[in-house]
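Structural description and commentary
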Amino acid sequence: MSGYSIYKPQNPFMRWLERRLPVASLVYSSFIAYPTPRNLNYWWTFGAILTFMLGAQIVTGIVLAMHYTPHVDYAFNSVEAIMRDVNYGWLLRYLHANGASFFFVAVYAHIARGMYYGSYKEPREVLWILGVILFLLMVVTGFMGYVLPWGQMSFWAATVITNLFSAIPWVGDPIVTWLWGGYAVGNPTLNRFYSLHYLLPFVIVGVVVLHVWALHVVGQNNPTGVEPKTEKDIVAFTPYATVKDVFFTAVFCLFFAWFVFYIPNYLGHSDNYIPANPGQTPPHIVPEWYYLPFYAILRAIPNKLLGVIALGGSIVLLAFLPWLDTSRVRSAKYRPLYRQFLLIFFAVVIGLGYLGSQPPEGGYVIAARILTAYYFVFLLIILPLLGLFETAKPLPNSISESVLREGVPVGASAPPPSGAKA
Amino acid sequence: MQIRRAVILSLAFVAFVAAPFGCAALAQEQEAPPLQRWSFHGPFGMYDPQQLQRGFKIYREVCSTCHSLKLVAFRNLADPGGPNFTEEQAAAVAAEFKVQDGPNDQGEMFQRPGRIADHFPPPFANDQIARNANGGALPPDMSVLAKARGFERGFPWFIFDAFTQYQEDGPDYIHALLNGYTDPPKGFTLPPGAQYNKYFPGHAIRMPKPLSDGQVEYTDGTPATVDQYGRDISAFLMWAAEPTLDARKRLGFQVFVFLIVLTVLLYFTKKRVWHEVLHHPELLEPRPPTEYRRG
């Protein structure tokens, strides 16, 4: 899997620069000549979409920060001033708020793809762990961003989530006081959340650089889970992967624009248009939709400390997937049992998301407990055992063989090339 | 109606299949507000300036005695995509309000007629006075009220709402609330000073029935009924909460035209670029990308 050609600068200035700082050849080998498996499907475009969303969030966020006031008395009205008096302020804010949601849509698709095709397995463990770290950073950043408009949901979400730390024995209460910067959620809390909400995206950028670096060391996984073996298995990143990424990013933007321009408040909660009021608790405190599965896990467990541990564990366990999954076959395509259990797992996460949005009473609690149990049983018991007992379907010898075995792709008119031995 | 019935029947079926989720959603304690037709619904829906003017008349003559509208300025009345008043009309409205200003050279606060740049002054100087004058209940500020109120649509409606672009649960709720004053059912004990309202959460609302037929005079032949008042004031409040809706949908259409053209072009570009990978892989010798054949 040697690369294609190396970068040979023609232009005298580029030759001069190359000897001093080989940035052009770095870009060339990473984003132009970089070999990618030829059989990647559209689930592999979410990396590019996530990069695009991160950039969009940072750009809109920086402009919003120019107009926002992080103070309990002015935050709500400054957001409304952005909506009313700043040129295209409504567009910036709706892009940013819905952008967070679509960032999570893309990251969930990205994680699901990694789990389905076994992208976390040897030698991609570090790449995967960096991904889990990125997801955690996104969760924290998104939560702090939701607090900034200082509506009722902002305030009460901040109260509920920071209070989780009080479950820690002995040091819980001092930690919560330290997080708040006082004895209740107040102005110091809002100020530090704003500061961190501005800082963390750049930390994310840094980890993304590591994530992409790690990816370019080990190469991309692919739907067969079989490593590329010959030059026939790969194509150059540019133009093949780039054009595919750009096309699907445009498709993604169509969905994004639908929400931004036509239903910008669909994903939000109407209570967040009521200014924060510490004296009045809303009837149902609900986080943003992308946290609902984890919120459901938290509430499913009757003990507060155990609930917090389960909440944290549900994300942290993902980092151990490379070792929890004992099978040596990567792709779920060749693992019939794993595929079934995994699809149930995805359905369970969606079900937990619905239950997280409902009041914690009656049948909802029982359902949430059953689904939570499956979440952990799948990760801790089913996954390790499956690798020992499951018989995988025969793997193709190479990527190009799998492509040819499946026949001519949809829309093709030409017969399989003569050189191919099916 | 036929279509609607078919939709409801099929949804009932879906809810039955998704038993644990569906049943709970159907068993809602509170009656859902009836859905109204709004001129600002859908991808091309815009505000009706005549309706906003009528709604503003209701706000001025009825609501503004108790409810503030702090985030809206008089100049907004003349903004495009709003009630379409002229700047002179907006200035005349402003002049009818007394606004506190100061301190002056003597260090004293004083009252002056409102200017077009001022925001609507609140009817009460502070929340405590407002509560005291309203039997302990605080009349909420109306600036973003239409976005701050709503009701649970429940499964599976909330999924369909994303496709039908239903965003009017706030105005629907306000309209229903204004028409929801009835006698309490038998066995329902109202706390003192409260009225029964079918759509208010908990049913005991502290606001007395604010509108009755013929209360606000309409000069354009629109029926002067509570039902119509409710629609007009809800539309006005939606504008107050979302004054850039017209601009948003207009830009949205342009963005969609652009994005669809871009997506189609990119699709064919992608097809062209991938042609030889899919159909002539024997031609795929490792070469620098710049040397790949065109076409």
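Remember, predicted model here, so these are calculated numbers, not experimental data.

Criteria and thresholds
- Residues numbered from 1 in each chain as written.
- Chains lettered and ligands numbered in written order.
- Predicted model: local features only at pLDDT ≥ 70, side-chain atom pairs only at ≥ 80, totals over all residues.
- Helix = DSSP H or I, 4+ residues; strand = E, 2+ residues; numbered from the N terminus.
- Rg over C-alpha atoms; globule rule 2.2 N^0.38 Å.
- Buried ≥ 20, exposed ≤ 12 C-beta atoms within 10 Å, placed from the backbone.
- Contact = placed C-beta atoms within 7 Å.
- Domains from an automatic or database assignment.
- Nonpolar A, V, L, I, M, F, W, Y, C, P; charged D, E, K, R; others polar.
- Core = buried A, V, L, I, M, F, W, Y, C linked by C-beta atoms within 7 Å.
- pLDDT = per-residue confidence, 0-100.
- Axes fitted to C-alpha atoms, helices over the stretch in contact; angles between N-to-C directions.
- Parallel < 35°, antiparallel > 145°, perpendicular 65-115°, else oblique.
- Left-handed = near helix turned anticlockwise from the far one by under 90°.

Another aspect to go through is the overall build of chain A. In terms of helices and strands, chain A carries 16 helices and 2 strands. Relative to the 2.2 N^0.38 estimate, which gives 22 Å for 422 residues, the radius of gyration of chain A is 24 Å and therefore close to what a compact globule would have. A principal-axis box enclosing the C-alpha atoms of chain A has dimensions of 75 × 60 × 45 Å.

Attention shifts here to the overall build of chain B. The helix and strand tally for chain B stands at 10 helices and 4 strands. Shown N-terminal to C-terminal, the secondary structure of chain B runs as helices and strands in the order α-α-α-α-β-β-α-α-α-α-β-β-α-α. The 295 residues of chain B split such that 27% are buried. Sequence separation of 24 or more characterises 60% of the internal contacts of chain B that already satisfy a separation of 6 or more.

Residue and element names in this part refer to chain A. In terms of domain boundaries, chain A breaks down into domain 1 (1–8 + 30–280) and domain 2 (286–395). Spacing between the C-alpha centres of domain 1 and domain 2 amounts to 22 Å. Every contact between the two is made by 27 residues of domain 1 and, on the other side, 22 residues of domain 2. Within the residue set of the side of domain 1 that touches domain 2, elements represented by two or more residues are helix H5 (89–116) and helix H6 (125–147). Looking at the side of domain 1 that touches domain 2 element by element, the count peaks at 7 residues for H6. Residues belonging to the side of domain 1 that touches domain 2 are distributed by class as follows: 17 nonpolar, 7 polar and 3 charged.

Segmentation of chain B into domains returns domain 1 (1–28), domain 2 (31–72 + 119–243) and domain 3 (251–291). Between the C-alpha centres of domain 2 of chain B and domain 3 of chain B the distance comes to 51 Å.

Further remarks concern unusual backbone geometry. All names here are of chain B. Put simply, Gly102 and Pro103 share a cis peptide bond, and its omega is 5°. As for its placement among the helices and strands, Pro103 is situated in the loop between strand E1 (98–101) and strand E2 (110–113). Here the residue pair Phe155 and Pro156 is connected by a cis peptide bond, since its omega of 0° sits within 30 degrees of zero. As for its position among the elements, Pro156 is in the loop between helix H6 (145–148) and helix H7 (157–164). Even without a glycine there, the phi angle at Gln165 is positive, about 60°. Given 18 C-beta atoms within a 10 Å radius, Gln165 is considered partly exposed.

Let us look at the nonpolar core. All names here are of chain A. Membership of the largest hydrophobic core comes to 84 residues, with the highest contact counts inside it found for Phe103, Ala106, Val147, Ala296, Ile297, Leu355 and Ala368. In this structure, this core is formed jointly by two domains, domain 1 (1–8 + 30–280) and domain 2 (286–395), each of which donates at least three residues. Excluding residues that lie within four positions of it along the chain, Ile297 makes contacts with Ala310, Leu311, Ser314, Leu352, Thr372 and Tyr375.

Our focus in this paragraph is the environment of Lys229(A). Residue and element names in this part refer to chain A. Within the secondary structure, Lys229 sits in the loop between helix H9 (187–218) and strand E2 (234–236). On the basis of neighbour count, Lys229 is assigned to the partly exposed category, with 14 C-beta atoms found within 10 Å. In this structure the C-alpha to C-alpha distance between Lys229 and Gly313, which are 84 residues apart in sequence, comes to 37 Å.

Here chain A averages 93 in pLDDT, while 95% of its residues score no lower than 70. Scored below 50 in pLDDT, residues 408–422 of chain A shows 14 contacts in the model against residues more than four places distant or in partner chains.

Further remarks concern the interface of chain A and chain B. Taken together, the contacts link 43 residues of chain A with 43 residues of chain B. Mapped by element, the contributors of at least two residues to the side of chain A that touches chain B are helix H4 (75–84), E2, helix H10 (237–262) and helix H15 (363–389) of chain A. Broken down by class, the residue content of the side of chain A that touches chain B amounts to 29 nonpolar, 8 polar and 6 charged.

The next thing to look at is the packing of H5(A) against H6(A). All names here are of chain A. Interhelical geometry of H5 versus H6 gives an angle of 160° and a closest axis separation of 11 Å. Looking at the two axes, H5 sits roughly antiparallel to H6. Note on packing geometry: the crossing formed by H5 with H6 is left-handed. Here H5 contributes Ala100, Phe103, Val107, Ile111 and Gly114 to the contact with H6, which in turn contributes Trp128, Phe135, Met138, Gly142 and Gly145. Classifying every residue of the contact of H5 with H6 gives 7 nonpolar, 3 polar and no charged.

This next bit is on the environment of Tyr146(A). All names here are of chain A. Along the chain, Tyr146 falls in helix H6. Looking at Tyr146, the number of C-beta atoms within 10 Å reads 24, which means it is buried. On a C-alpha basis, the gap between Tyr146 and Ala158 in space is 8.8 Å, while along the polypeptide they are 12 residues apart. Those residues within four positions of Tyr146 in sequence are excluded, and the remaining contacts are Ser154, Ala157 and Glu288.

Residue and element names in this part refer to chain A. It is the contact of H6 with H9, at a shortest axis distance of 9 Å, that shows an interaxial angle of 160°. Comparing the axis directions of H6 and H9 gives the class roughly antiparallel. In terms of crossing hand, the pair formed by H6 and H9 is left-handed. Of the residues assigned to the contact of H6 with H9, the class counts are 23 nonpolar, 5 polar and no charged.

Let us now look at the confidence of the model for chain B. Residue and element names in this part refer to chain B. Per-residue confidence for chain B gives a mean pLDDT of 88, with 85% of residues at or over 70. The weakest mean pLDDT in chain B belongs to helix H2 (residues 19–26) at 41; the strongest belongs to helix H9 (residues 226–241) at 98. Below pLDDT 50 for its whole length, residues 1–28 participates in 18 contacts with residues either more than four positions away or in separate chains. The model gives residues 289–295 a pLDDT under 50, and that stretch makes 6 contacts with residues more than four places away or in other chains. The ipTM value of the predicted complex is 0.91, and its pTM value is 0.91.

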